[in-house]
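# Overview (structure and organization)
So you can see what is in the structure, the chains are spelled out below.
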Amino acid sequence: QVQLVESGGGLVQAGGSLRLSCAASGRTISTYRMGWFRQAPGKEREFVASIRWSDSITSYADSVKGRFTVSRDNAKNALSLQMNSLQPEDTAVYYCAAQLAVGAAFGPWGQGTRVTVSA
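Residues numbered from 1 in each chain as written. Predicted model: local features only at pLDDT ≥ 70, side-chain atom pairs only at ≥ 80, totals over all residues. Heavy atoms only, no water.

Turning our eyes to something else, we now look at the overall build of the chain. When helices and strands are counted, the chain shows zero helices and 10 strands. Helices and strands in the chain line up, N terminus first, as β-β-β-β-β-β-β-β-β-β. The C-alpha radius of gyration computed for the chain amounts to 13 Å, which stays within 12% of the reference 14 Å derived for 119 residues, consistent with globular compactness. Taken over the C-alpha atoms alone, the chain extends approximately 40 × 25 × 25 Å along its principal axes. Counting over 119 residues, the chain shows a buried share of 42%. Across the chain, contacts joining residues at least 24 apart in sequence account for 53% of those joining residues at least 6 apart. On the chain, roughly 6100 Å² of surface is accessible, and the fraction owed to carbon and sulfur atoms is 50%. Each charge class in the chain was averaged separately, 12 positive and 8 negative side chains, and the resulting centres sit 5 Å apart. (Helix = DSSP H or I, 4+ residues; strand = E, 2+ residues; numbered from the N terminus. Rg over C-alpha atoms; globule rule 2.2 N^0.38 Å. Buried < 20%, exposed > 50% of the residue type's maximum accessible area, 1.4 Å probe, protein only. Contact = heavy atoms within 4.5 Å. Areas by Shrake-Rupley, 256 points an atom, 1.4 Å probe, with all protein chains shown as cover. Lys, Arg positive; Asp, Glu negative; His and termini not counted. Charge placed at Lys NZ, Arg CZ, Asp CG, Glu CD.)

All right, on to the pairing of strand 9 (residues 92-99) then. Working note: regular strand, side chains alternate between the two faces of the sheet. Burial analysis of strand 9 places eight of its eight residues in the buried class, the great majority of the element. Every second residue of strand 9 is oriented toward a common face, with Ala92, Tyr94, Cys96 and Ala98 on one face and Val93, Tyr95, Ala97 and Gln99 on the other, all of them buried. Relative to strand 9, strand 4 (residues 33-39) is paired through seven bridges, and the arrangement is antiparallel. The residue of strand 9 that forms the bridge with methionine 34 is alanine 98. The sheet contact formed by strand 9 and strand 10 (residues 113-118) spans three bridges and is antiparallel. Following the sheet pairing, tyrosine 94 is matched in strand 10 by threonine 113. (Pairing = 2+ DSSP bridges.)

Let's shift gears to the pattern of salt bridges. When the charged atoms of two side chains with opposite charge come close together, those side chains can pair. Applying the stated rule across the entire model yields five salt bridges. With a closest N to O distance of 3.2 Å, lysine 65 and aspartate 62 form a salt bridge. Comparing lysine 65 with aspartate 62, the two get one shared label, exposed. For aspartate 90, the salt bridge identified is with arginine 67, shortest N-O distance 2.8 Å. Residue aspartate 90 is located in the loop between strand 8 (78-83) and strand 9, and its partner arginine 67 is located in the loop between strand 6 (58-60) and strand 7 (68-73); the two are separated by 23 residues in the primary sequence. For the pair formed by aspartate 90 and arginine 67, the shared burial category is buried. (Salt bridge = Lys/Arg side-chain N within 4 Å of Asp/Glu carboxyl O.)

If you want it as structure tokens, here you go:
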């Protein structure tokens with residue numbers, strides 16, 4: 001089983017940057033893809049970005065393209081999300097998750113890290 005722990009959230013002004021990290025442990029060798037999701041207050045959780053573990057192919061939600069960058073560190077079994085030009089609408093709890101096989105649902109999930117962007 002894969003265990004995930006996010007960190008790096010906080011309070012930032014609009015236009016600022018944050019870098020989120022997700023430390024993975026357990027059977028990470030079996031992970032197909034890892035992704036970032038977020039859930040804003042009163043809204044459903046939504047996809048933000050993902051990276052395929054075998055070849056680093058990335059995918060982004062339209063709302064974050066050009067501002068966010070997802071990357072991985074194989075040596076550390078870690079996933080990162082560099083967030084630039086943050087806007088108040090980016091305020092949410094950010095979660096990382098693993099997709100263990102092609103076509104499988106994302107899961108397990110980390111506990112989340114809160115990002116608050118002030119206007």
